[in-house]
Amino acid sequence: IARGYRRVVFGDHGPYLELEPSQVVWENLPEVILKPAHAYYDEYYSYKGFVRLYKQKRSVAHKRNPPAGGVRQNRSAGYADYKVGMCYISPDCLTVQGLPAAQRSNEPRRWKR
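Residues numbered from 1 in each chain as written. Predicted model: local features only at pLDDT ≥ 70, side-chain atom pairs only at ≥ 80, totals over all residues. Heavy atoms only, no water.

A. Seen up close, the environment of Val60. By the element assignment, Val60 lies in the loop between β5 (52–56) and β6 (87–89). For Val60, a relative accessible area of 1% corresponds to the buried category. The sequence separation of Val60 and Tyr79 amounts to 19 residues, and the corresponding C-alpha distance is 6.9 Å. (Helix = DSSP H or I, 4+ residues; strand = E, 2+ residues; numbered from the N terminus. Buried < 20%, exposed > 50% of the residue type's maximum accessible area, 1.4 Å probe, protein only.)

B. Inspection of the sheet that holds β5 at higher detail. Strand order across the open sheet formed by six strands is β1-β2-β6-β5-β4-β3, with antiparallel pairing between neighbours. Strands with a single pairing partner mark the edges of an open sheet, and in this sheet they are β1 (7–11) and β3 (31–33). Within this sheet the neighbouring strands show an average axis-to-axis angle of 30°, counted without direction. (Pairing = 2+ DSSP bridges. Axes fitted to C-alpha atoms, helices over the stretch in contact; angles between N-to-C directions.)

C. Quick peek at the side chain of Ser46. Its location among the elements puts Ser46 in the loop between β4 (41–45) and β5. In terms of polar contacts, Ser46 uses its side chain to reach the backbone amide nitrogen of Phe50, at 3.3 Å. From its side chain, Ser46 meets the backbone nitrogen of Val51 in a polar contact 2.9 Å long. Leave out the neighbours within four places in its chain, and Ser46 touches Ile1, Asn28, Leu29, Pro30, Glu31 and Val51. (Polar contact = N/O pair within 3.5 Å; in protein donor to acceptor, adjacent residues only side chain to side chain. Contact = heavy atoms within 4.5 Å.)

D. Expanded view of the side chain of Gln23. Mapping Gln23 onto the fold places it in the loop between β2 (14–19) and β3. With a relative accessible area of 18%, Gln23 lands in the buried category. Residue contacts for Gln23: discarding those within four places in its chain leaves Ile1, Ala2, Arg3, Gly4, Tyr5, Arg6 and Glu18.

E. Local environment of unusual backbone geometry. One non-glycine residue, Lys48, adopts positive backbone phi at about 70°. By the element assignment, Lys48 lies in the loop between β4 and β5. For Lys48, a relative accessible area of 74% translates into the label exposed.

Pasting the structure below:
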């Protein structure tokens, strides 16, 4: 789904990984829902919909509470620090995979004394 991430954002909907669009492997998200200009995000789904990525279109800094499903904290700075143009995925639907064997070092690990 992605190669790396920028940061973890903790908002009233829980944690989300923030990705730059260049970190996303877009061909793994073939299902796309492009929403109207007034919407806050577009949605991208993996095959069979297990992974959902949001691409932020508008700031939520003026939204004190999230849509239904989130915790209502009534935050003056907005319910999450989502950045316009960035992508967000819940870590609940991801599995971290190590480097492919061809990219791993064959040298033994050295420990500091």
